[in-house]
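Topology and contacts: notes
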Amino acid sequence: MDKAEIGLIGLGTMGSNLALNIAEKGHRIAVYNRTPSRTDDFVAKAGALASRVVPCESLADLAAAIRPPRPIIIMVLAGTPVDEQIAALRGELAANDIIIDAGNANFRDTMRRFKELEGSGLTFIGMGVSGGEEGARHGPSIMVGGKEESWRRVESVLTAISAKFKGEPCAAWLGTDGAGHFVKTIHNGIEYADMQMIAEIYGILRDGLGMAPKEIGSVFADWNKGRLNSYLIEITAEVLKADDPQTGKPVVDIILDRAGQKGTGKWSVIEAQQLGIPATAIEAAVAARVLSSLKDERLAAERVYGGGVVPIKAPRETLLKQLELALFAGKIAAYAQGFAVMAGASKEFNWNLPMPTIAKIWRAGCIIRSQMLDTMVEAFGTGAASTNLLMAPDFVKMMQEAHPALRHVVALAMEAGSPVPALSSALAYFDSYRQGRGTSNLIQAQRDFFGAHGFERIGETGAFHGPWGQG
Ligand code: NDP
């Protein structure tokens, strides 16, 4: 039998779809899964593509089934399972074989794995994949980290299976070692903020305006035709229109209001803090998920304080326009923060991250794909966004139009008691960013008062101390 060109370990949601995608593009692929029944199911459901799939019962079989030098994709649960797979694979592989970790690894683990494999003769790639099940099957966005020559060796298969935006593949090499997984982490951080802000607007429509899910779904569907056009808005509209076959009720109404997380949002926030880059909308979104999980405490607090949202009385059409603009402004701020964190990391880790390329490969396939990314490609490409996306002329124009609506909506929601943590954090970031003289003069004075930390005087150099304790 002909040898396979590539291998894949882990036939879960992502791995199985990625394997079918690879097979569909004409590549013969060897597959292995820890639980053998999953491999059998996979082959049984592969249809005509099964002829390009080589099922393997062990890692030794997998290695034997692939033509050297072997590229092998690992798509298992992130963390220890990846280390275990790498350790087990090492005994089966030979020099020049390529291990590609395609799961949602913490980029610090990826950097460690690069170090551990140094001198082994094996090539390692840390690859972020976005697009969920559908993306994996028909074209995800692929963010690659590792040596550039390693990327060149797998470029043709990765670009073939990736999403295409107007014919351009959404797969690229972004830098050495952890660069790909870092960019994927920040992609997910932006995704957290985007989803949270959409949920906050849904909350205003549901609780403040008393709208039914299907009505709200139609609003999102309308918005998807305009400046907010994006995958997340599109699926939100669909979700809100769906009914539960069991009860006939709207599906959103029978879903528990607590959301889980696997780690990438939290890592985005930790890394932003480590780098000293404000990412307030992402931080608020991660905190909101944590708060959502405290269901029992929230129910108890509602009994103590009351939790009702005061009905919002405003002309509906005008308010809908403002909500659309508010979401747009919040989204721009979230992207600005995500890109700023990547710029900080790029310097810290010497990655030289190509921002226009990142915006390019997020335009299709991935969860945060949106119309706005095309304008970002331009803004980063010309250098107009090199300080901050908020300073690129196209985005200045958009923010000037949209930020008053964000302010109005946040004020309205706060007045009504409808929580808007991500939208209000985005607004506070914007307001602080555009304030030429802020209030940290007082913070400097306080620090000097209690800790003799000194302060800077306007127009003078050196550290000064205050005349504290005189009155
Ligand atoms: P699934 O839960 O669907 O599948 C998990 C896979 O990991 C299974 O093949 C499972 O094997 C394997 N696995 C788990 N633990 C071990 C272990 N200790 N040793 C060997 N194999 C193990 O996960 P997904 O496909 O959703 O996710 C895979 C990776 O892709 C994760 O890193 C995830 O974060 C990432 N990802 C997921 C996305 C999504 O939308 N789902 C999007 C982008 C990335 P077994 O059948 O034996 O249990």
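Bear in mind the structure is a predicted one, so any value in this text is a computation, not a measurement. (Residues numbered from 1 in each chain as written. Predicted model: local features only at pLDDT ≥ 70, side-chain atom pairs only at ≥ 80, totals over all residues. Heavy atoms only, no water.)

Some words on the pattern of salt bridges
The cut-off we apply is this: By salt bridge we mean one thing: a side-chain nitrogen of Lys or Arg within 4 Å of a carboxyl oxygen of Asp or Glu. Helical segments are the DSSP runs of H or I of at least four residues, strand segments are the runs of E of at least two, and each set is numbered from the N terminus. To sort residues, take the accessible area from a 1.4 Å probe on protein chains only and compare it with the maximum for the residue type: under 20% means buried, over 50% means exposed, and anything in between is partly exposed.
If you walk through the whole model with that rule in mind, you get 26 salt bridges. One salt bridge in this structure joins K360 and E168, with 3.9 Å as the shortest N-O distance. You can see K360 sitting in helix α16 (residues 355-361) and its partner E168 sitting in strand β9 (residues 168-169), a full 192 residues away along the chain. Taking the relative accessible area as the measure of exposure, K360 reaches 31% and is therefore partly exposed. Using a relative accessible area of 36% as the deciding quantity, one classes E168 as partly exposed. E324 is the partner of K321 in a salt bridge, and the nearest nitrogen-oxygen pair spans 2.9 Å. Of this pair, K321 and E324 both sit in helix α15 (residues 316-348), three residues apart, which is roughly one turn of that helix.

Comments concerning the pairing of strand β10 (residues 171-175)
The cut-off we apply is this: If DSSP finds at least two bridges between two strands, the strands pair.
Of all five residues in β10, four are buried; the element is thus mostly enclosed. Pairing of strand β7 (residues 141-145) with β10 involves four bridges; the strand directions are parallel. Paired with I142 across the strands is A171, a residue of β10.

Things to note about the UniProt feature "domain: 6-phosphogluconate dehydrogenase C-terminal" (unreviewed entry) in the protein
Threshold: UniProt positions are given in the numbering used here, feature names are shortened, and annotations may be inferred rather than shown by experiment.
According to UniProt, the feature "domain: 6-phosphogluconate dehydrogenase C-terminal" (unreviewed entry) maps to residues 180-469 in the numbering used here. Along residues 180-469 the backbone is 66% helical and 0% strand, and the end-to-end C-alpha distance reaches 54 Å.

Things to note about the packing of aromatic side chains
We apply this condition: In this scheme Phe, Tyr and Trp rings, the latter by its six-membered ring, pair at centre separations within 6.5 Å, and the angle between planes marks the pair as stacked below 30 degrees, edge-to-face above 60, and tilted otherwise. We call a charge positioned over a ring when the NZ of a Lys or the CZ of an Arg lies within 6 Å of the ring centre and within 35 degrees of the ring normal.
Per the stated rule, a full pass over the model turns up twelve aromatic pairs. Taking the centre distance of 4.9 Å and the plane angle of 85 degrees together, the rings of F107 and F182 count as edge-to-face. A residue pair is termed long-range when its members are at least 10 positions apart, and F107 in helix α5 (residues 107-117) and F182 in helix α8 (residues 179-208) qualify at 75 residues. On the basis of relative accessibility, which here comes to 0%, the residue F182 falls in the buried class. Among the aromatic side chains, those forming a connected cluster through ring pairs are F107, F182, F349 and W351. Note that R227 overlies the ring of F328, its terminal NZ or CZ placed 5.3 Å from the centroid. One Lys or Arg, R457, reaches over the ring of F464 and ends 5.7 Å from the middle of that ring.

What to know about the sheet that holds β7
In plain terms, the rule: With axes taken as lines fitted to C-alpha atoms, and helix axes fitted only over the stretch in contact, angles between N-to-C directions fall between 0 and 180 degrees. Any two residues having at least one pair of non-hydrogen atoms within 4.5 Å are treated as being in contact.
The sheet built from eight strands is open, its strands ordered β3-β2-β1-β4-β5-β6-β7-β10 with mixed pairing. One side of each edge strand has no neighbouring strand; the edge strands of this open sheet are β3 (53-56) and β10. Taken over all neighbouring pairs, the strand axes of this sheet differ in orientation by 25 degrees on average, direction set aside. Judged from the four bridges that link them, strand β4 (residues 71-74) and strand β5 (residues 98-101) form a sheet pairing that is parallel. Within the sheet, the bridge partner assigned to I74 lies in β5 and is D101. The sheet strands contacting helix α2 (residues 36-45) are β2 (29-32) and β3, and the helix crosses β3 at an angle near 165 degrees.

Some remarks on a negative patch on the surface
As a reminder of what qualifies: The residues that make up patches have over 30% relative accessible area and no salt bridge, and they are joined within 9 Å when like-charged or within 5 Å when they are Val, Leu, Ile, Met, Phe, Trp or Tyr. Computed by Shrake-Rupley with a 1.4 Å probe, the accessible areas treat only the displayed protein chains as cover when residues are assessed. Positive charges come from Lys and Arg, negative ones from Asp and Glu, while His and the chain ends are left out of the count. By convention, the point assigned to a charge is CZ for Arg, NZ for Lys, CD for Glu and CG for Asp.
Side chains of D40, D41, E57, D61 and E92 sit close together on the surface and give a patch of like negative charge. Relative to the assigned elements, E57 resides in the loop between β3 and α3 (59-65).

Remarks on the environment of G175
With respect to the secondary-structure elements, G175 resides in strand β10. Residue classification places G175 among the buried positions, given a relative accessible area of 2%. Residues G175 and W351 lie 176 residues apart in sequence; the distance between their C-alpha atoms is 5.2 Å. For G175, the residues in contact, after removing those within four places along its chain, are V144, G145, G146 and W351.

A short note on the site of the ligand
Heads up, the rule is: Definition of nearness: a residue and a molecule or strand are near each other if at least one heavy atom of the residue lies within 4 Å of the molecule or strand. Polar contact criterion, stated in full: a pair of N or O atoms within 3.5 Å, where within protein one must be able to donate a hydrogen and the other to accept it, and residues adjacent in sequence count only if both atoms are side-chain atoms. Polarity classes work like this: nonpolar for Ala, Val, Leu, Ile, Met, Phe, Trp, Tyr, Cys and Pro, charged for Asp, Glu, Lys and Arg, and polar for all others, with Gly in that last group.
Around the ligand, the surrounding shell holds 21 residues, and the nearest of these are T13, M14, N33, T35 and R38. T13 is positioned such that a nitrogen or oxygen atom in its backbone is 2.8 Å from an oxygen atom of the ligand. Here an oxygen atom of the ligand sits 3.2 Å away from a polar atom, N or O, in the main chain of V76. For the shell around the ligand, the secondary structure elements donating two or more residues are α1 (13-24) and α4 (80-90). The leading source of residues in the shell around the ligand is α4, at three residues. Across the shell around the ligand, the residue classes break down as eight nonpolar, nine polar and four charged.

Structural notes on the nonpolar core
Note the following rule: For our purposes a nonpolar core is just a set of buried Ala, Val, Leu, Ile, Met, Phe, Trp, Tyr and Cys residues, chained together by side-chain atoms within 4.5 Å.
If you look at the biggest cluster of nonpolar residues, it comprises 102 residues, and the most contacted ones within it are L205, F220, F339, M342, W362 and M376. The element that contributes the greatest number of residues to this core is α15, accounting for 18 residues. If sequence neighbours within four positions are ignored, W362 has contacts with S141, M143, V183, H187, I190, F339, M342, I368, R369 and L373. A23, L49, I73 and I100 belong to the second-largest nonpolar core, a separate cluster that totals 31 residues.

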